[in-house]
Amino acid sequence: MVISRLYYIFWVWYKFSSMPVMLEPNKSAVFVVDRARGKRQKNKNTAPFQEVYVNPYTAEIIGSRDKEAWAFNNTMWKVFWLHRELLMGKVGNLILGIVALLWTINCFIGIYLTLPRATQSKAKTKTKANLSKSAVRSHNRASWFKRWLPAWKIRRKSNFFKFNYDVHQAFGLWLWVMLFVIAWSSVGFNLRSVYQPVMQTVVGLQPFEKGGRHKPDTKPDTESDNQAVAKAHDVTLKITKAQSIEYLSAQAQKVSLEHGLKVEKILGLRWVDEDKQWQMRFKTNKDIGNKGGVSSLNMDAVTGQVVKINLGHQSPTGNKINEWLNSLHMGHIGGDVVHRIYQVFLALIGIAVSALSFTGVYLWWRGNRARKTKAMRGM
C-alpha cells in the first residue's frame, strides 16, 4: 500500500529505486529519491527533497527532507560530508586522498623512528665473544626488545616536554594497526587510482564489476501518460513491486540454506532499471560487516528467475581484506552490543588522533625552537 501510493509520485516523476525492507514499530518508512547525475540530470526533474517519510500504517506522506539545504536538522549530514569531502566535491576528495596517503606513509616512518638504534659497547662485545652463534642471536633479540620497551610506556614523573613525547610515541605504537587501517582505507575512499593497483599487487584485490549505463529518462507530458507508464511497468513484470520484498526474501533464505548459511538480516532492495532486475542485499552469519561485504541476489523481474548470486564469504581474499578495511573504518562491525562498543572505540581513536596531532605539532615546535636557539648561540 505504501509503495503503491508513492509509485506514481516518485517512480515516474522523481524516481526511487531503493525501498525499505524492514519496518520498525512507531517509526516512519524512509524512501530515498534517486540522484540524477551527468547527462541524465538534463532529462530529469530535480527533486526538491532527497528523503520522503511515510506512515507505514496509513501510507500517509508525513514529511520530506532536503539534505542540500543549510538547516539545523541537516547539521550531522553536513558534518558527514565535511568529513567525507570537505564540502568541496571532487576537489575535497582529492585533498583528503592526498592527506590520507601521506598519513599512511607517516605510519611507517613513525614506527621506524621508535625502533632502538644499534649500539654496541666493548663490554657487550667481550660477552658475545664467549657465546655461541645461536646464543648471540637470542641475546640480540632480547636486548633489542628490551631497548624498544620504553617506547611503549608513558613516564609518570617527567616534565611537560617528555610527557608529550611519551604520549606521542606510545599512542602511536599501541594504536598503530588501527591508525594504519583508517589511513589506508581513507586512501581507498578518496584516491582509488593509488589504492586499487596497490591492493591488486599486494593482496590480489579484484576490480568490482561496473554496472550498465543508465539510459536517459524522459518525462511523460501528461498525467494520463504517467499513469500508463506506471501500469505498463507492472503488467510486463512477473515480480512486481508489491511482490518483490516477500518473494526475494524467500529466495535469499533458500539460497542461504543451500549453502549452509543463515540470513541474519535483510538490508535493502533496489530496482536495476537497465536490466529489469530486482537486487536484494542481505547479511548472512559468515559475511563481513553490516553494510559492505554482504551477500546479494539479482532476480529477473520479467521471468522471476534468479540470475546472479553473490555470497560475501565466497569473495576472493583480496576483496575480503578490502571489505574488512572498509567495515573497520565505517564502524560496520558486529551486532547491537558489539557494534556500540566498537563505535565508542572508534570515537576514542578519533580523540587519540587529535592527541597525536597536538603532540606532534608541539614536539616539532620545540625541536625547531631548540635548533634556532643553538644556531644563534653558535653565531
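Residues numbered from 1 in each chain as written. Predicted model: local features only at pLDDT ≥ 70, side-chain atom pairs only at ≥ 80, totals over all residues. Heavy atoms only, no water.

1. Side note on unusual backbone geometry
Thought 1: For Asn 26, which is not a glycine, the phi torsion comes out positive at approximately 60 degrees.
Thought 2: Looking at the secondary structure, you find Asn 26 in the loop between strand 1 (18-19) and strand 2 (29-32).
Thought 3: For Lys 276, which is not a glycine, the phi torsion comes out positive at approximately 55 degrees.
Thought 4: Along the chain, Lys 276 falls in the loop between strand 5 (263-272) and strand 6 (277-284).
Thought 5: For Lys 276, a relative accessible area of 35% translates into the label partly exposed. (Helix = DSSP H or I, 4+ residues; strand = E, 2+ residues; numbered from the N terminus. Buried < 20%, exposed > 50% of the residue type's maximum accessible area, 1.4 Å probe, protein only.)

2. Some words on the sheet that holds strand 2
Thought 1: Read across the sheet, three strands follow the order 2-3-4 without closing on themselves; strand pairing throughout is antiparallel. Looking at which strands have only one partner, the edges of the open sheet turn out to be strand 2 and strand 4 (61-65). The sheet shows a mean angle of 20 degrees between the axes of neighbouring strands, taken without regard to direction.
Thought 2: One ladder, built from four bridges, connects strand 3 (residues 51-54) with strand 4; its direction is antiparallel. Bridge pairing in strand 4 links Val 52 to Ser 64. (Pairing = 2+ DSSP bridges. Axes fitted to C-alpha atoms, helices over the stretch in contact; angles between N-to-C directions.)

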